[in-house]
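Okay, here's what each chain looks like letter by letter:
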Amino acid sequence: DVKVTQSSRYLVKRTGEKVFLECVQDMDHENMFWYRQDPGLGLRLIYFSYDVKMKEKGDIPEGYSVSREKKERFSLILESASTNQTSMYLCASSLKRGAKNIQYFGAGTRLSVL
Amino acid sequence: GESVGLHLPTLSVQEGDNSIINCAYSNSASDYFIWYKQESGKGPQFIIDIRSNMDKRQGQRVTVLLNKTVKHLSLQIAATQPGDSAVYFCAEGKGFQKLVFGTGTRLLVSP
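Cut-offs and rules
Residues numbered from 1 in each chain as written. Chains lettered and ligands numbered in written order. Predicted model: local features only at pLDDT ≥ 70, side-chain atom pairs only at ≥ 80, totals over all residues. Heavy atoms only, no water. Helix = DSSP H or I, 4+ residues; strand = E, 2+ residues; numbered from the N terminus. Buried < 20%, exposed > 50% of the residue type's maximum accessible area, 1.4 Å probe, protein only. Contact = heavy atoms within 4.5 Å. Buried area = accessible area lost by both parts, 1.4 Å probe. Salt bridge = Lys/Arg side-chain N within 4 Å of Asp/Glu carboxyl O. Polar contact = N/O pair within 3.5 Å; in protein donor to acceptor, adjacent residues only side chain to side chain. Pairing = 2+ DSSP bridges. Axes fitted to C-alpha atoms, helices over the stretch in contact; angles between N-to-C directions. Disulfide = S-S within 2.5 Å. Core = buried A, V, L, I, M, F, W, Y, C linked by side-chain atoms within 4.5 Å. Phe/Tyr/Trp six-rings, centres within 6.5 Å; stacked < 30°, edge-to-face > 60°. pLDDT = per-residue confidence, 0-100.

### A few points about the environment of Val-70 of chain B
Residue and element names in this part refer to chain B. Checked against the element boundaries, Val-70 lands in the loop between β6 (62-67) and β7 (72-77). A relative accessible area of 54% means that Val-70 is categorised as exposed. A sequence separation of 45 residues divides Val-70 from Tyr-25, and the C-alpha atoms of the two residues are 9.0 Å apart.

### Regarding the interface of chain A and chain B
With 28 residues of chain A in contact, the opposing surface of chain B contributes 22 residues. At the boundary of chain A with chain B, total buried surface from both sides reaches about 2000 Å², with 57% on carbon and sulfur atoms. Across the chain A-chain B interface, the total number found is 2 salt bridges. If you look at where chain A meets chain B, you find 7 residue pairs in polar contact (both at pLDDT 80 or more).

### Describing the sheet that holds strand β5 (residues 56-58) of chain B
Residue and element names in this part refer to chain B. With antiparallel pairing, 4 strands are arranged side by side in an open sheet as β2-β7-β6-β5. The open sheet has two edge strands with one neighbour each: β2 (19-24) and β5. Pairs of neighbouring strands in the sheet enclose a mean axial angle of 15°, with direction left out of account. Note that β2 and β7 share 6 bridges and pair antiparallel. Each residue of the ladder has a partner; that of Ile-21, found in β7, is Leu-75.

### Details of the state of the cysteines
According to the stated counting rule, one finds 2 disulfides over all chains in the structure shown. The partner cysteine of Cys-23 of chain A in its disulfide is Cys-91 of chain A, sulfur to sulfur 1.9 Å. Note on the Cys-23 of chain A and Cys-91 of chain A pair: the S-S dihedral is about -80°, so by sign convention the disulfide is left-handed. Placement of Cys-23 of chain A in strand β3 (residues 19-25) and of Cys-91 of chain A in strand β9 (residues 87-94) is noted, with a sequence separation of 68 residues between them. The same class applies to Cys-23 of chain A as to Cys-91 of chain A, namely buried. A sulfur-sulfur separation of 1.6 Å characterises the disulfide bridge that pairs Cys-23 of chain B with Cys-90 of chain B. Taken together, the residues Cys-23 of chain B in strand β2 and Cys-90 of chain B in strand β8 (residues 86-93) connect sequence positions 67 residues apart.

### Concerning the nonpolar core
Residues and elements named next belong to chain A. Counting residues in each nonpolar core, the largest one holds 20 residues, and the members touching the most others are Trp-34, Ile-46, Leu-76, Leu-78 and Tyr-89. When residues of this core are traced back to their parent elements, those giving at least two are β3, β4 (31-38), β5 (42-49), β7 (64-70), β8 (73-78), β9 and β11 (109-113). Aside from chain neighbours lying at most four places away, what touches Leu-78 is Glu-17, Lys-18, Val-19, Gly-63, Tyr-64, Gln-85, Tyr-89 and Leu-111.

### Focus: the packing of aromatic side chains
The tally for this structure, following the rule as stated, stands at 14 aromatic pairs over all chains. Ring centres 6.2 Å apart and planes at 65° place the aromatic pair Phe-105 of chain A and Phe-101 of chain B in the edge-to-face group. Of this pair, Phe-105 of chain A sits in strand β10 (residues 104-105) while Phe-101 of chain B is found in strand β9 (residues 100-101), placing the two residues in two different chains. Phe-101 of chain B shares its class with Phe-105 of chain A; the two are buried.

### Regarding the confidence of the model for chain A
This prediction gives chain A a mean pLDDT of 93; 96% of its residues lie at or above 70. Taken element by element, chain A is modelled with least confidence in β5 of chain A, mean pLDDT 93, and with most confidence in β8 of chain A, mean pLDDT 98.

Here's what the structure looks like:
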């Protein structure tokens, strides 16, 4: 089974702090994604990566950056956390080979910015 | 558009009934569709997918029906169990373009 592991289930941070959310997958997937999920808005893509050291902006990249130094690890960085970044953050991965982008998700990190 | 959490359409069924969850998709050029299940406090879990050249696909207790004429997708769950209670949402994809996630439906199963 695919396993996508997010380092924290719950995080509480202060406004202005730099926040790191870590995600690791164990299935040798090339693609990795970061989403946020908010009531009434569903899943919104922040950033994704097709390969090591590669990154692409999603629909809502402002206020975020990412790092992909190793194939299995994709980090989401909030440079200066703000209260409107309080949300559920979901990491996903998928294979590059094949014709379908079936994404497998981690359990999520619920971030509260105070 | 997508919606998870507040103001979700809700389907309430009795344990043992069959459930049908619907999804309207937007892109007639999408070439596959995916159903996800998301339990409270957890990440979305892949259930089943179907290619656009198929009308029906069956899994364990689940069946996906695809009607391309009206751009409609449904997920049928046989003999629904309390453990099936969750939010279900569909996603459409074309090759390796980013997935587009559909409106979620909350399924409530009463014992």
